Amino acid sequence: SGMAPTTTVAAPSGLVPGKGDWVEQDGVIIQRSTEYADLYAGLGFQGQQYSASADIQWPLDSAEPATGGGLLFNMTDLAKIEGAHMVRFSQNGREIFWGYFDDVGVFQGDGGAALDMNFDRPHTLQVVVGASTYAIYVDGVLVAENRPLRRQGGYVGLLTYRGPITFSNIQLAAAGGS
């Protein structure tokens, strides 16, 4: 077919906790802290153009509407949030938003969208990172595309606001052929 082979790393080893209480068991990663903060961990994957996805779930009884989880991408360092792009669910699944953390770790929003989802089951969040832009998918449906990247390439990580948040079926793949 002429396509470069796609390298898929399911249940990645090399979880590097940056902030929070992260545990990994049988390919499932859980962030257990309920701290009101951005909690994050890096994964042992680095790329220039790639896809990253995870099935994300949080407690149905979460009283804090900002609670949510998502992905960090194009991280400069596995254990740092500064400089990383981010997309995550919020408002108990009624919202998704994206942007980046600046050089001192302050979030700078670049967009968002309302969602109509029930979180009695996990939902799949995917980011497809290109050379200069990225796209976001929820359960395979395009939510945003051609969003500008601040920098090329980097590490992939997981992010939550509070917890516990569960990440499963983590799929990391280098882009092939393009």
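What counts and what doesn't
Residues numbered from 1 in each chain as written. Predicted model: local features only at pLDDT ≥ 70, side-chain atom pairs only at ≥ 80, totals over all residues. Heavy atoms only, no water. Helix = DSSP H or I, 4+ residues; strand = E, 2+ residues; numbered from the N terminus. Buried < 20%, exposed > 50% of the residue type's maximum accessible area, 1.4 Å probe, protein only. Contact = heavy atoms within 4.5 Å. Areas by Shrake-Rupley, 256 points an atom, 1.4 Å probe, with all protein chains shown as cover. Pairing = 2+ DSSP bridges. Axes fitted to C-alpha atoms, helices over the stretch in contact; angles between N-to-C directions. Salt bridge = Lys/Arg side-chain N within 4 Å of Asp/Glu carboxyl O. Phe/Tyr/Trp six-rings, centres within 6.5 Å; stacked < 30°, edge-to-face > 60°. Lys NZ or Arg CZ within 6 Å of the ring centre and 35° of its normal.

**Student:** Whenever I open this one, the overall build of the protein confuses me. Can you help?
**Tutor:** Helices and strands together make up the secondary structure of the protein, namely 0 helices and 15 strands. Residues counted as buried form 47% of the 178 residues belonging to the protein. Summarising the internal contacts of the protein: among those between residues at least 6 apart in sequence, 63% fall at separations of at least 24. Within the structure as shown, the protein displays about 8000 Å² of accessible surface, and the carbon and sulfur contribution to it stands at 46%.

**Student:** What is the right way to look at the pairing of strand S8 (residues 85–90) in this model?
**Tutor:** Consecutive side chains along a regular strand alternate between the two faces of the sheet. Among the 6 residues of S8, 6 are classified as buried, and the element is accordingly described as predominantly covered. Side-chain alternation along S8 places His 85, Val 87 and Phe 89 on one buried face and Met 86, Arg 88 and Ser 90 on a second face that is also buried. Of the strand pairs in this sheet, S8 and strand S9 (residues 95–101) are connected by 6 bridges, and their pairing is antiparallel. The residue of S9 that forms the bridge with Met 86 is Gly 99.

**Student:** How should the sheet that holds S9 be read in this particular structure?
**Tutor:** Backbone hydrogen bonds hold the strands of a sheet together, and the pairing may be parallel or antiparallel. Pairing is antiparallel in the open sheet, where 7 strands are placed in the order S2-S5-S14-S7-S8-S9-S10. Either end of the sheet is taken by a strand with one partner, and the two such strands are strand S2 (16–19) and strand S10 (107–114). Between one strand axis and the next, the sheet turns by 20° as a mean value, whatever way the strands run. Pairing of S2 with strand S5 (residues 38–47) involves 3 bridges; the strand directions are antiparallel. Counterpart to Pro 17 in the pairing with S5 is Ala 41.

**Student:** Any chance you could explain the pairing of strand S7 (residues 68–75) here in plain terms?
**Tutor:** Counting buried residues along S7, 8 of its 8 residues qualify, which places the element largely inside the surrounding structure. Taken together, the 6 bridges between S7 and strand S14 (residues 154–161) define a ladder with antiparallel strand orientation. Bridging from a neighbouring strand, Leu 72 pairs with Gly 157 of S14. Where S7 and S8 come together, 4 bridges link them in antiparallel fashion. Across the sheet, Leu 71 pairs through a bridge with Val 87, a residue of S8.

**Student:** Any chance you could explain the pattern of salt bridges here in plain terms?
**Tutor:** Where charged atoms from two side chains of opposite charge come close, those side chains can pair. The final tally for this structure, using the stated rule, is 3 salt bridges. The closest approach of N and O atoms between Lys 19 and Glu 35, which form a salt bridge, is 3.9 Å. Of this pair, Lys 19 sits in strand S2 while Glu 35 is found in the loop between strand S4 (28–31) and S5, placing the two residues 16 residues apart along the sequence. Accessibility expressed as a relative area gives 35% for Lys 19, which makes it partly exposed. Arg 32 is the salt-bridge partner of Asp 21, the closest N and O atoms lying 3.1 Å from each other. Pair noted here: Asp 21 is in the loop between S2 and strand S3 (22–25) and Arg 32 is in the loop between S4 and S5, with a separation of 11 residues, a long-range link. For Asp 21, a relative accessible area of 31% gives the class partly exposed.

**Student:** Is there a simple way to explain the packing of aromatic side chains in this structure?
**Tutor:** Think of a pair of aromatic rings as described by two things: how far the centres are apart, and how the planes are tilted against each other in angle. Following the criterion strictly, the structure yields 6 aromatic pairs and no others. Seen from their ring centres, Trp 58 and Phe 89 are 5.9 Å apart, and the 50° between their planes marks the pair as tilted. Pair noted here: Trp 58 is in the loop between strand S6 (50–57) and S7 and Phe 89 is in strand S8, with a separation of 31 residues, a long-range link. Grouped by ring-pair contacts, the aromatic residues Phe 97, Phe 101 and Phe 107 constitute a single cluster. Between the NZ or CZ atom of Arg 162 and the centre of the ring of Tyr 36, over which it lies, the distance is 4.2 Å.

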